[in-house]
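Coordinate analysis (summary)
Listed below, chain by chain, are the residues.
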Amino acid sequence: MEHHVKEALEELVTALSKARGLGLERLPTKSLQAISKMEEELKRLRDKTHDHGPEPGLSQVTSLEQLEQLLHSCQDCQLSATRKNVVVGEGSKRPLLMLVGEAPGREEDVTGRPFVGKSGELLTKMLRAINLSRSEVYITSVVKCRPPRNRTPHRDEIAACLPYLHKQIELLDPALLLCLGSTAAHALLNTENPLSKLRGRFYSLGKRKVLVTYHPAYLLRFGGSKLLNLKKQAWQDLQMLQREYERLKRQEKP
Ligand code: SF4
């Protein structure tokens, strides 16, 4: 019975999310409250499925391989309907540093790999500038499936995918996290502050340190003095990151 209720709610919540995406936001307060209740009930049913259903749930995952398997069949949000590939992430399986972007774009969706488009090229250059290669770090994003037309992921999509990111962090156990852009920063640091206010200092996420900087795709939008100014700030962030990375690396040595 609950299975049918869950399916019906999935359809309703997906339809309502699409309606919101189309700008139909000015619904009466009572309707918005009803939608919120439906979303809560759906979350409860999803958690229940994860914990007790026939498929192994997230709480039972103990390895990256299991997590990847779970993600490849994930249908926890509407992005599963339009994706070509789930982009789990790639890089070192024992990274000191993990990079978290926003969501896969068109090329990432086609290839199944994170940051392979133009912003990926810039990210590779940014890493090289601080003597790091892509294979030394782990690169992923907050949501693992491409939002249509590369739009910003919706709140419910981020909420659905965030537990997978937290599990990835737990399994890969990086000491340092770099949030690329405000979506990653807001999701991991649980804040709404603008990126310009968040960058430039380290935050704690349990035992891990988190730094925030601009998403490479954002840097690619500008030219002239605006770009120069953003590049200067991004470079300051990268240097902070490099100092901390090297300090941790020295500590790691026997
Ligand atoms: S974006 Fe995340 S939660 Fe949504 S379907 Fe893809 S893997 Fe699942």
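Our subject is the structure listed above.
Residues numbered from 1 in each chain as written. Predicted model: local features only at pLDDT ≥ 70, side-chain atom pairs only at ≥ 80, totals over all residues.

Okay, helix H7 (residues 182–189) next. By the criterion of burial, H7 is predominantly enclosed, with seven of the eight residues buried. Here H7 has its buried residues at Ser182, Thr183, Ala184, Ala185, His186, Ala187 and Leu188. Elements in contact with the buried residues of H7: strand E2 (97–101), helix H6 (155–172), strand E4 (176–180), helix H8 (195–198), strand E5 (203–205) and strand E6 (208–213). (Buried ≥ 20, exposed ≤ 12 C-beta atoms within 10 Å, placed from the backbone. Helix = DSSP H or I, 4+ residues; strand = E, 2+ residues; numbered from the N terminus. Contact = placed C-beta atoms within 7 Å.)

Okay, the sheet that holds E2 next. Whether parallel or antiparallel, the strands of a sheet pair through hydrogen bonds between backbone atoms. Spatially, six strands are ordered E1-E3-E2-E4-E6-E5 in an open sheet, and the strand pairing comes out mixed. In the strand order of this sheet, the two ends are held by strand E1 (90–91) and E5, each with one partner. Sheet strands touched by helix H10 (residues 224–252): E2, E4 and E6. Its angle to E6, the strand with the most contacts, is close to 160°. (Pairing = 2+ DSSP bridges. Axes fitted to C-alpha atoms, helices over the stretch in contact; angles between N-to-C directions.)

With that out of the way, let us pick up the site of the ligand. As a matter of local geometry, the ligand sits amid 15 residues, with Cys74, Cys77, Ser80, Cys145 and Cys161 nearest to it. Ranked by residues supplied to the shell around the ligand, first place goes to H6 with four residues. In the shell around the ligand, the residues fall into 10 nonpolar, two polar and three charged. (Near = placed C-beta within 6 Å. Nonpolar A, V, L, I, M, F, W, Y, C, P; charged D, E, K, R; others polar.)

The next point concerns the pairing of E4. Here E4 lies mainly inside the structure; four of its five residues are buried. Sheet analysis places E2 next to E4, joined by four bridges and oriented parallel. When the bridges of E4 are listed, Leu97 appears paired with Leu176. Across five bridges, E4 lies against E6 in parallel orientation. Each bridged residue has a counterpart across the sheet, and for Leu177 the counterpart in E6 is Val210.

This paragraph deals with the packing of helix H3 (residues 64–72) against H6. Running from N to C, H3 and H6 point in directions that differ by 165°, and their axes come no closer than 10 Å. Overall, the two elements H3 and H6 adopt an arrangement that is roughly antiparallel. Considering only the axes of H3 and H6, their crossing is left-handed. Residues Leu64, Leu67 and Leu71 of H3 touch H6, and the partners they reach there are Tyr164, Lys167, Gln168 and Leu171. (Parallel < 35°, antiparallel > 145°, perpendicular 65-115°, else oblique. Left-handed = near helix turned anticlockwise from the far one by under 90°.)

Once that is clear, we can look at the pairing of E6. By the bridge criterion, three bridges tie E5 to E6 in an arrangement that is antiparallel. Each residue of the ladder has a partner; that of Ser204, found in E6, is Lys209. Counting the residues that bridge the hairpin from E5 to E6 gives two residues, and of these Gly206 lies at a positive phi of roughly 65°.

Further remarks concern the environment of Pro163. Mapping Pro163 onto the fold places it in helix H6. Residues Pro163 and Leu58, 105 residues apart in the sequence, show an inter-C-alpha distance of 8.1 Å.

Any functional reading would require information that these geometric values do not contain.
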